[in-house]
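Coordinates in review
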Amino acid sequence: MALDDTLVSLTAVELRRMIGARQLSPVELLEACIARIQAVNPYINAVTATAYERARAEARAAERAVMAGEPLGLLHGLPMGVKDLEPTAGVLTTYGSPLYRGHVPDEDIELVARLRRAGAIVAAKTNVPEMGAGANSRNTVWGATGNPFNPNLNAGGSSGGSAAALAADMLPVCTGSDTGGSLRIPASKCGVVGFRPSPGVVPSVRKPLGWTPISVVGPMGRTVADACLQMAASAGMHAGDPLSYPLDPLQFLNPGVADLGSLRVAYTEDFGACDVDDGIRATFREKIAAMRHLFAACDPIDLDVGEAHRCFDVLRAEAFVAGMRDAYEKDPSSLGPNTRANFEMGAAMSLKDCAWAQAEQTRLIKRFQRAYDDYDLILSPTTPVSPFPWTQLYADKINGVAQENYYRWLALTYVVTLTTHPALTLPCGRDAKGMPFGLQIVGRFRADREVLAAAQAMEQAFAGSDVLQRPRPDLAALRPAEPALTSIVTSPPQLQGGGETGSVSAV
């Protein structure tokens, strides 16, 4: 397939600069993105519902605002993909669940509302696992999302559609969210940036347990600067998230570029508790060897994360019980296997389990701080395995070790979730199988800006290294996945109350 990369492959930051300088029309950009979606989405199925006609009207309005010299928002005229867990006014929002096959919300959730107020134009929704449960973005409503580097392999999740859309240059701005790694894992598998902010920095108003720190929303981007741009447009207090607090969102717009030569860095292959494939361990050691000269120190570290696995089991299940109880009690079979498993795990727990988990997380957080007495950052692999076929629901074994449940293989990221520290996954070359490798960068407690500054510096340093630089997929070489990515769709979505939709066959 012949593809014109000259416009859609530019970063969000550069596209926004060109729009503001009257060098690029938002209308032209939107049409280029739609053309790219139509050309590439049949191969990877990252985009689900679309809102092209409304987006075209908004792009024309954005163009008029530029020509009239009006004040422009941070994201003015940039087409955006919204993860299908975030409600969008007038646009089909299914959560990847047959229960919401025809659900068209009346209002945007706060994250989407903020990004639209900053000038972003909602062009499409992006694919997810059912209810966000798992790190393989497949469901019976839309089908599976294939990896842009190989559509037969999975794109990660739960923000898999967003990560794949960014990597394939379909859209310059995409949203994500993260409980056990849902921003970081798909970004790692698709070769883009995913940033998990500290709880409360970007308000998450849809979580059923408002006080939990394990679920956040945050940005993805092709570059760290693109993630910073979205952070600046979305951060700040909102009463819908009781963990949010007053802050200046513009602090994230230009966090600076850290002096890597002054940073003391520690690294771990497994946090002392996570199963990691031998091939990924070897790749990580290769990456560390190629970058260690950049830092003042780069040392291995031993960490004590206690009973992190059981702790995450309880806290995750608690949230699913809060959110899924009505649906489960009405009809358990209406929920997919991952969602149902989480609910049933939580329903069998007691108040003693919940109290223990809260206390264990507190103990873990306190112990984790000790590492930062001597180091500024902790590095690790983001995922323990190379992308596997999308037909495999999850990584059930790592190095022959059976995984206890469908999300145990996400431990490298959910251990960090429990600490509440900010964490970013940065593209870091390829693994031994030729697929993208993501480096997880974990900063100090509430040091979001410092993590972004360090990641920006590392991104610049990696750009000159064949071993470390961001990989790019060969989209011209894409071939249809086998089996077809929509083979698990049970029936097409039905609209209620207007809106637009699209599928792998329609776009």
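- The protein is annotated in an unreviewed UniProt entry as Acylamidase of Achromobacter animicus.

1. Observations regarding the pattern of salt bridges
- If you walk through the whole model with that rule in mind, you get 27 salt bridges.
- Arg-116 is paired through a salt bridge with Glu-58; the nearest N and O atoms lie 2.6 Å apart. Of the two residues, Arg-116 sits in helix α4 (residues 110–117) while Glu-58 sits in helix α3 (residues 52–67), which places them 58 residues apart along the sequence.
- For Arg-116, a relative accessible area of 23% translates into the label partly exposed.
- A salt bridge links Glu-329 to Arg-325, with the nearest nitrogen and oxygen atoms 3.0 Å apart. Of this pair, Glu-329 and Arg-325 both sit in helix α9 (residues 308–330), four residues apart, which is roughly one turn of that helix.
- Relative accessible area serves as the criterion here: at 48%, Arg-325 is assigned to the partly exposed category.

2. A closer look at the packing of helix α2 (residues 26–44) against α3
- It is the contact of α2 with α3, at a shortest axis distance of 8 Å, that shows an interaxial angle of 155 degrees. Put simply, α2 runs roughly antiparallel to α3. Of the residues in α3, those in contact with Pro-26, Val-27, Leu-30, Glu-31, Ile-34 and Ile-37 of α2 are Tyr-52, Ala-55, Arg-56, Ala-59, Arg-60, Ala-62 and Glu-63.
- Taken together, the residues of the contact of α2 with α3 break down into nine nonpolar, no polar and four charged.

3. Description of helix α7 (residues 224–234)
- With ten of eleven residues buried, α7 lies mostly within the body of the structure.
- Regarding α7, the residues found buried are Val-224, Asp-226, Ala-227, Cys-228, Leu-229, Gln-230, Met-231, Ala-232, Ala-233 and Ser-234.
- Two residues or fewer past α7, Gly-236 is found with a positive phi of approximately 125 degrees.

4. With respect to the sheet that holds strand β2 (residues 79–83)
- Strand order in this open sheet of eleven strands is β1-β3-β2-β8-β10-β9-β16-β17-β13-β11-β12, and the pairing throughout is mixed. Whereas interior strands pair on both sides, the edge strands pair on one side only; in this sheet they are β1 (47–50) and β12 (297–300). Each neighbouring strand pair of the sheet contributes to a mean axis angle of 30 degrees, computed without reference to strand direction.
- Where strand β9 (residues 193–196) lies against strand β10 (residues 216–221), two bridges are found, and the strand directions are antiparallel.

Quick notes on the rules
Residues numbered from 1 in each chain as written. Predicted model: local features only at pLDDT ≥ 70, side-chain atom pairs only at ≥ 80, totals over all residues. Heavy atoms only, no water. Salt bridge = Lys/Arg side-chain N within 4 Å of Asp/Glu carboxyl O. Helix = DSSP H or I, 4+ residues; strand = E, 2+ residues; numbered from the N terminus. Buried < 20%, exposed > 50% of the residue type's maximum accessible area, 1.4 Å probe, protein only. Axes fitted to C-alpha atoms, helices over the stretch in contact; angles between N-to-C directions. Parallel < 35°, antiparallel > 145°, perpendicular 65-115°, else oblique. Contact = heavy atoms within 4.5 Å. Nonpolar A, V, L, I, M, F, W, Y, C, P; charged D, E, K, R; others polar. Pairing = 2+ DSSP bridges.

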